[in-house]
Amino acid sequence: MALTSSLPVTDELVLARMEKHDHEEVLFCFDRPTGLRAIIAIHDTTLGPALGGTRMWPYATEAEALQDVMRLSRGMTYKSALAGLDLGGGKAVIIGDARTDKTEAMFRRFGQFVDSLNGRYITAEDVGMSTMEMVNIRKETTNVAGLPEEMGGSGDPSPVTAYGVYMGMKAAARTAYGSDDLKGRKVSIQGAGNVGHALVGHLVQEGAQVYLTDIHPEKLAAIKAEFPTITLVDPESVYDLDVDIYSPCALGATVNDDTLKRLKCSIIAGAANNQLAREEVHGKAVMEKGILYAPDFLINAGGIINCAWERKGYNRQAALNQTKAIYDTTLRILKASADKGIPTYLAANQAAEERINSVRAAGFRY
Ligand code: NAD
């Protein structure tokens, strides 16, 4: 069960996988007393220490866990580079069921493994984790972000992420329609979670017509009570709606062969990681269909920006100001894509690689 990818799991060995995308280091963590089985992947530390969340997920096989952590850690390198952060890319996965397997001891032991990397990897929250686990990890290492506000942390990053997605969406609207005004625009949001909820707020305030879906009706009802003008839709019909903008804020890989036949939007701009089921195939396919895709790792960087500010001494306004710059970066990337006639994800990748390569050429390495 791969969470964000529909890619087949390969049986390549670890060093071969590392060589393919230049991963620097992979640490396998096992602890019998606590049942901890984890993998930490550091992709690239040219720009700074590798920051990226820990995901807890009941991976069916070790190969799936390895594939996920390697792919996600590489994604963090690009996300932080594009956001202008002095951070590299890393990620961790813990193999286990987040509902039943969590113990204080497990996360303290995991914290010791993080600490053994001497600051080359800084962890944070991801799927299956909460601030409570960060508190337990913090008992063993200072290399953790996403702590609760009462501990001097930055708390839930989702509102900052949603603000960045909103900025990226507006930049995409300006590129596609000549104006970033979303008033009257029809926007479908898939996922009424933490990010989706905050995004609804921005869009309703601007006068957009919001269509919202989720697999949990109670989440939809709560948001409808707060924003009565929105329209609720069922999860499967979200791909068939006649909307201007589709905003995936639930799962990855929702832009695929099946949904591309159905989508009628002119923009895709959302928070979910890895929205393109297969980057090279579907990144090109959206372009050929005339849909402007705002790359997910470009516009959902608010969360990592928030974490980066936590490391420097948390300042919410400063985090929001830096997140606002996603608007200009998105305009720049979308223009580069149009000028070069290449898919938007590729233009974003190239911009990230340009920054990393220029810093690497100057001899920096964390
Ligand atoms: P969340 O878990 O709070 O919300 C996700 C929502 O999606 C849930 O309400 C869930 O019920 C719903 N969902 C699941 N499957 C669905 C389906 N098939 N159809 C419709 N809804 C479905 O997560 P979040 O924090 O709001 O994050 C949303 C997405 O953005 C995730 O993919 C996450 O990885 C990504 N992201 C989040 C942040 C952040 O700061 N929270 C940062 C970067 C990326």
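Residues numbered from 1 in each chain as written. Predicted model: local features only at pLDDT ≥ 70, side-chain atom pairs only at ≥ 80, totals over all residues. Heavy atoms only, no water.

Draft legend 1. Layout of the packing of aromatic side chains. Across all of its chains, the model carries one aromatic pair by this definition. Judged by centre distance (6.0 Å) and plane angle (65 degrees), the ring pair of Tyr239 and Tyr246 falls under edge-to-face. Here the basic side chain of Arg185 rests over the ring of Tyr177, its NZ or CZ set 3.7 Å away from the ring centre. A cation over a ring is seen here: Lys312 above Trp309, with NZ or CZ 4.0 Å from the ring centre. (Phe/Tyr/Trp six-rings, centres within 6.5 Å; stacked < 30°, edge-to-face > 60°. Lys NZ or Arg CZ within 6 Å of the ring centre and 35° of its normal.)

Draft legend 2. Seen up close, the pairing of strand β1 (residues 25–31). Across seven bridges, β1 lies against strand β2 (residues 36–44) in antiparallel orientation. By the bridge assignment, Phe30 is partnered in β2 with Arg37. Taken together, β1 and the strand that follows it, β2, pair antiparallel across an intervening segment of four residues, in which Gly35 is found at a positive phi of about 75 degrees. (Pairing = 2+ DSSP bridges. Helix = DSSP H or I, 4+ residues; strand = E, 2+ residues; numbered from the N terminus.)

Draft legend 3. Representation of the domain arrangement of the protein chain in the model. The assigned domain composition of the protein chain is domain 1 (20–70 + 87–149) and domain 2 (158–301 + 329–351). The C-alpha-based centres of domain 1 and domain 2 are spaced at 29 Å. (Domains from an automatic or database assignment.)

Draft legend 4. View of the side chain of Thr141. Within the fold, Thr141 resides in the loop between α4 (131–138) and α5 (158–177). Judged by its relative accessible area of 3%, Thr141 is buried. A polar atom in the side chain of Thr141 sits 2.7 Å from the side chain of Asp115. Sequence-distant contacts of Thr141, that is, excluding residues within four places in its chain, are made with Gly111, Val114 and Asp115. (Buried < 20%, exposed > 50% of the residue type's maximum accessible area, 1.4 Å probe, protein only. Polar contact = N/O pair within 3.5 Å; in protein donor to acceptor, adjacent residues only side chain to side chain. Contact = heavy atoms within 4.5 Å.)

Draft legend 5. Fine view of the site of the ligand. The environment of the ligand is formed by 20 residues, the closest being Thr161, Val195, Asp214, Lys219 and Ala250. At 3.2 Å, a side-chain N or O of Ser158 approaches a nitrogen atom of the ligand. A distance of 3.4 Å separates an oxygen atom of the ligand from a polar atom in the side chain of Asn273. Protein chains bury 78% of the 830 Å² of accessible surface belonging to the ligand in isolation. When contributions to the shell around the ligand are tallied by element, the ones reaching two or more residues are α5 and α6 (194–206). Per-class residue counts for the shell around the ligand are nine nonpolar, nine polar and two charged. (Near = heavy atom within 4 Å. Areas by Shrake-Rupley, 256 points an atom, 1.4 Å probe, with all protein chains shown as cover. Nonpolar A, V, L, I, M, F, W, Y, C, P; charged D, E, K, R; others polar.)

Draft legend 6. Quick look at the nonpolar core. Within the largest apolar cluster, 62 residues are counted, with the highest numbers of intra-cluster contacts made by Leu82, Met169, Ile189, Leu199, Val200, Leu203 and Leu212. Counting contributing residues per domain, this core is built from domain 1 (20–70 + 87–149) and domain 2 (158–301 + 329–351), each supplying no fewer than three. Setting aside its immediate chain neighbours within four residues, Leu82 contacts Phe297, Leu298, Thr329, Ile333, Ala348, Ala351 and Ala352. Counting residues in each nonpolar core, the second largest holds 21 residues, with Ala92, Ile94, Phe107 and Tyr121 among its members. (Core = buried A, V, L, I, M, F, W, Y, C linked by side-chain atoms within 4.5 Å.)

Draft legend 7. Examining the environment of Pro49 more closely. Residue position: Pro49 is located in the loop between β2 and β3 (50–51). Expressed as a C-alpha distance, the spacing of Pro49 and Asp86, which sit 37 residues apart in the sequence, is 7.8 Å. Not counting the four nearest positions on each side in its chain, Pro49 is found in contact with Asp86, Leu87, Gly88, Gly119, Arg120, Ile122 and Tyr366.

Draft legend 8. Highlighting the environment of Thr45. Here Thr45 is to be found in the loop between β2 and β3. Relative accessible area serves as the criterion here: at 0%, Thr45 is assigned to the buried category. Remark: the alpha-carbon pair of Thr45 and Pro217, spanning 172 residues in sequence, is separated by 42 Å. Those residues in contact with Thr45 that sit more than four places away from it in its chain are Glu24, Ala50, Gly88, Arg120, Arg365 and Tyr366.

Draft legend 9. Region of interest: the sheet that holds strand β11 (residues 267–268). Strand order in the open sheet formed by six strands is β9-β8-β7-β10-β11-β12, and the pairing between neighbours is parallel. A strand with exactly one partner marks an edge of an open sheet, and here the two such strands are β9 (231–232) and β12 (292–293).

Draft legend 10. Broad picture of unusual backbone geometry. Within the chain, Asp22 stands out as a residue other than glycine whose phi angle is a positive 60 degrees. As for its position among the elements, Asp22 is in the loop between α1 (14–21) and β1. In the Ramachandran plot, Ala253 falls in the positive-phi region, its phi being about 60 degrees despite a non-glycine side chain. Inspection of the secondary structure assignment puts Ala253 in the loop between β10 (245–248) and α8 (257–262).

Draft legend 11. Looking closely at the pattern of salt bridges. Going through the model one piece at a time under the given rule, you end up with 23 salt bridges. Here Asp97 and Arg99 are joined by a salt bridge, their closest N and O atoms 3.2 Å apart. A relative accessible area of 74% places Arg99 in the exposed class. Ionic pairing is found between Asp339 and Lys335, a salt bridge with its closest N-O pair at 2.7 Å. Of this pair, Asp339 and Lys335 both sit in helix α13 (residues 326–340), separated by four residues, roughly a single helical turn. For the residue pair Asp339 and Lys335, the accessibility class agrees, reading exposed in each case. (Salt bridge = Lys/Arg side-chain N within 4 Å of Asp/Glu carboxyl O.)

Draft legend 12. Structural context of the state of the cysteines. The full count for this structure, using the stated rule, is zero disulfides. Cys29 forms no disulfide, and the closest cysteine sulfur to it belongs to Cys307, at a distance of 20 Å. (Disulfide = S-S within 2.5 Å.)

Draft legend 13. How the structure looks around helix α3 (residues 104–115). The terminal C-alpha atoms of α3, which comprises 12 residues, lie 16 Å apart, in line with the 16 Å expected from a rise of 1.5 Å per residue. For α3, the full list of buried residues reads Met106, Phe107, Phe110, Gly111, Phe113 and Val114. Axial view of α3: buried residues confined to an arc of 160 degrees, hence all on one face. The secondary structure elements touched by the buried residues of α3 are β1, β2, β4 (54–57), β5 (88–95), β6 (121–122) and α4. (Expected span 1.5 Å × (residues − 1). Arc of directions from axis to C-beta.)

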